[in-house]
Amino acid sequence: MSNITHDHHDHRPSGWKRWAYSTNHKDIGTMYLVLSMFAAIIGGAASMLMRAELHEPGIQFITDPQFYNVLVTAHGFIMVFFVVMPALIGGFGNWFIPLMIGTPDMAFPRMNNVSFWLVAAALILLVIAGFIDGGAGTGWTVYPPLSSADYHPGMAVDFGILALHLAGASSILGAINFITTIINMRAPGMTFHRMPLFIWAMLLTAFLLLLAIPVLAGALTMLLTDRNFGTAFFAPDGGGDPVLWQHLFWFFGHPEVYIMILPAFGIISEIVSTFSKKPIFGYLGMAYAMTSIGVVGFVVWAHHMYTMGFNVETRAYFTLATMVIAVPTGIKIFSWLATMWGGSIKFDTPMLYSMGFIFLFVVGGVTGVTLANAGVDMAFHDTYFVVAHFHYVLSISALFSMYAGFYYWFGKMSGKRYPEWLGRLQFWVTFVGVNLLFFPQHFAGMAGMPRRIIDYPDAYAGWNMISSWGAYISAVGGILFFVVLYKTLTSNVKAEANEWGVGATTLEWTVDSPAPFHTHEVTPNIIPEPAE
Amino acid sequence: MELKKQKSTTRVGDGVVNMRKKSSRNGLTAVVLGFLVFSMIGLAYASEPLYRIFCQVTGYGGTTRIAVFDNKGLVAKNSITVRFDANVNKLLPWRFKPMQNKITLRPGEQAIAFYEATNVSDKPIVGTAVFNVAPFKVGEYFNKIECFCFTEQILLPGQTVQMPVTFFVDSSIAEDRNTKEVSTITLSYTFYASDDQSEVENLSRTSLEIKKSVDNLRRTQIIQPG
């Protein structure tokens, strides 16, 4: 065996086996990204149907209100578990953790394969959940009693629960893989305090997954037995309490929103540093800001449930704890700005998306501090103000970081350079679209428009029409993305090994583009100079 | 075959010994992390009893207290109205209602109220009541001395019973700045069929049928909701 030398090192299995049996972190990362794009088409189509339905007051073309509820539910689940998480964690994480820490592959390559196929199976189950027995119309929060056998008697919710179980198992296995890889397999010289911030972000994300997902799995199992086997964890007329579900769900749900945004922090940090041609400002502050966001994220969950009857002291605590998160978040925002300050900035598409991310995240963060106040939230709870808030702070922010990561790294992944003008056009269309889509929802929400309802009073017609037009423009941005993808894959413009020049200092830029099937077979030694 | 080759190529760069050392350390890390996952699942399930104990200790969510009457001679000035509410799980064929709508008393005074339950089925059934008070924040001041909800109740076919609850509202409710404005407390009970129907067996040999009928009721309930 030892006679197999470097001229064989690009050997790879061919045909469908290369993908189905893959244990290669790059191929698995690619499959995650493809799955995410595929799921984004489904989840995006659901949101377009909803926005078209809400274009005018009254019921336009969705004749069955339960179908609208199903769309709300499917959109939420697909975007969270099958678009954002697979792309940011499974996709970019698998591709770039080994490349950036200088190791040939993940710690458990075969488990990596299992993680991917579990999430693919989960997506199929979730789509089935939308179509059988009237569909699961519970919203992504699956609150009982709405999700109980009384109000969702068919199998749809059970399919949804099993889909989440599979997706959760996938995430847990992935998280164990990521943590083991990052802790044990860094190149010599890459101490924790020299790891790129993207690696910090992925490490923390993996820990959040490890601690939060099992709680969701436990709660979902209780719901499953409540529905099918006569237990009464959440049924008050059997001695249970539906509020227990809310506590368990949000104990998972709040870290979950950081699971979606921490990888984005990592990507944006890399890009801002690269395109400002400066090391990131306040590296340690950035790393520990993310750490404290992750830790504090576990003790603020009840701010999602202010209206269920807490006493004043409890609400005061959760208001305070929630507002504390604004401090490390502020450290991150100001460090990004300080990195750009005095830098030699190149406004290529990844940088445009990163700056777009910072803007959107600040807007969403400000409304987040507003909603953190228990008193204010009594009025805003379940209105479009909340919808606008969380779409700004995590949905379109995460989307922008995904686009940013795509433009930043696609040259490394495909070996081709994307057409810059088309990328910039795609950015501007998307940026205008999403702001037109979500900003008016603040006003509709402040005027009292409730979320998750198919119809609304005429008074809200204006903002809703603008919002729907914004949705159509965002959809054009989405289509343009696929045009960019096609143009890049069919182009003849080769991407260099380090296409971004002196600002790009992390290890993935030291290997060829496209990255060979096997990389870092000789462990890079970074003792002489720090990675960052 | 192909996989084997792949493995061997990664070893070329790293050295076999080094790889082995690494993979045993990886295994250890994975085991520790797996343990973390299972302890979190355990914690999720432990939250159910923990939540109950937490509520009993703190009066959270309107959980009432069990106490021996001892007002230390303290009676608050302003009186409070206690309203009575009764619910039955739809799987339990009982009728259940309070015998008075409300009682007005001063915190520190003891009172007795009655509820009436009738078994309208043709089987003896064991029932259990869950309870709380609203607003939730007065739970820690609402003390029950004796209550039918402390034990399971067994009702024969067609039997009607009147069940007492003796209680008092702690006079310090008037001193807590969070609760002193409360003028009305609602005490609510919900009866449901007990999981443990073994007492019925002591009465007759029909317990299996009961369980069957409860199960049947449950099943029809799932098939035909509402």
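Residues numbered from 1 in each chain as written. Chains lettered and ligands numbered in written order. Predicted model: local features only at pLDDT ≥ 70, side-chain atom pairs only at ≥ 80, totals over all residues. Heavy atoms only, no water.

1. Re the overall build of chain A
Phase 1 of the analysis: Along its length, chain A carries 15 helices and zero strands.
Phase 2 of the analysis: Relative to its length of 532 residues, chain A is compact, with a C-alpha radius of gyration of 23 Å against a globular reference of 24 Å.
Phase 3 of the analysis: In terms of its C-alpha atoms, chain A occupies a principal-axis envelope of roughly 70 × 50 × 45 Å.
Phase 4 of the analysis: A buried classification covers 61% of the 532 residues belonging to chain A. (Helix = DSSP H or I, 4+ residues; strand = E, 2+ residues; numbered from the N terminus. Rg over C-alpha atoms; globule rule 2.2 N^0.38 Å. Buried < 20%, exposed > 50% of the residue type's maximum accessible area, 1.4 Å probe, protein only.)

2. Regarding the pattern of salt bridges
Phase 1 of the analysis: Scanning the model with the defined rule gives 14 salt bridges over all chains in all.
Phase 2 of the analysis: Where Arg52(B) meets Glu48(B), a salt bridge forms, and the shortest distance between an N and an O atom there is 3.5 Å. Here Arg52(B) and its partner Glu48(B) are both found in helix 2 (residues 16-58), four residues apart, which amounts to about one turn of the helix.
Phase 3 of the analysis: Here the salt bridges do not stand alone but share partners, grouping Lys346(A), Asp348(A), Arg417(A), Glu420(A), Arg424(A) and Glu499(A) into one network. (Salt bridge = Lys/Arg side-chain N within 4 Å of Asp/Glu carboxyl O.)

3. A closer look at the state of the cysteines
Residue and element names in this part refer to chain B.
Phase 1 of the analysis: Scanning the entire structure with this criterion turns up one disulfide over all chains.
Phase 2 of the analysis: One disulfide in the model links Cys 147 with Cys 149; its S-S distance is 2.2 Å. Because the sign of the S-S torsion sets the handedness, a value of about 125° for the bond joining Cys 147 and Cys 149 places this disulfide among the right-handed ones. As far as the burial class goes, Cys 147 and Cys 149 line up, both buried. (Disulfide = S-S within 2.5 Å.)

4. Concerning a nonpolar patch on the surface
All names here are of chain A.
Phase 1 of the analysis: A cluster of nonpolar side chains, Val 432, Leu 436, Phe 439, Phe 443, Met 446, Trp 463, Met 465, Ile 466 and Trp 469, forms an exposed patch at the surface whose accessible area comes to about 800 Å².
Phase 2 of the analysis: Contributions of two or more residues to the nonpolar patch are made by helix 14 (420-446) and helix 15 (461-489).
Phase 3 of the analysis: By the secondary structure assignment, Met 465 is in helix 15. (Patch = residues over 30% accessible without salt bridge, like charges linked within 9 Å, V, L, I, M, F, W, Y side chains within 5 Å. Areas by Shrake-Rupley, 256 points an atom, 1.4 Å probe, with all protein chains shown as cover.)

5. Details of the nonpolar core
Phase 1 of the analysis: If you look at the biggest cluster of nonpolar residues, it comprises 165 residues, and the most contacted ones within it are Phe81(A), Phe82(A), Phe92(A), Trp336(A), Phe357(A) and Trp409(A).
Phase 2 of the analysis: Every residue in contact with Trp336(A), bar those within four places of it in the chain, is listed here: Phe265(A), Ile268(A), Ser269(A), Val272(A), Ile280(A), Met286(A), Phe357(A) and Ile358(A). (Core = buried A, V, L, I, M, F, W, Y, C linked by side-chain atoms within 4.5 Å. Contact = heavy atoms within 4.5 Å.)

6. Overview of the confidence of the model for chain A
Phase 1 of the analysis: Taken as a whole, chain A shows an average pLDDT of 93; of its residues, 97% reach a score of 70 or greater.
Phase 2 of the analysis: When the criterion is pLDDT under 50, residues 1-8 of chain A qualifies, and its contacts beyond four places in sequence or with other chains add up to six contacts. (pLDDT = per-residue confidence, 0-100.)

7. Section: the side chain of Asn94(A)
Residues and elements named next belong to chain A.
Phase 1 of the analysis: Mapped onto the fold, Asn 94 is located in helix 3 (residues 65-101).
Phase 2 of the analysis: A polar atom in the side chain of Asn 94 sits 2.9 Å from the backbone oxygen of Gly 90.
Phase 3 of the analysis: Dropping the residues within four chain positions of it, Asn 94 is found in contact with His 25, Ile 28, Gly 29, Tyr 32, Ile 89, Met 106, Asn 112 and Phe 178. (Polar contact = N/O pair within 3.5 Å; in protein donor to acceptor, adjacent residues only side chain to side chain.)

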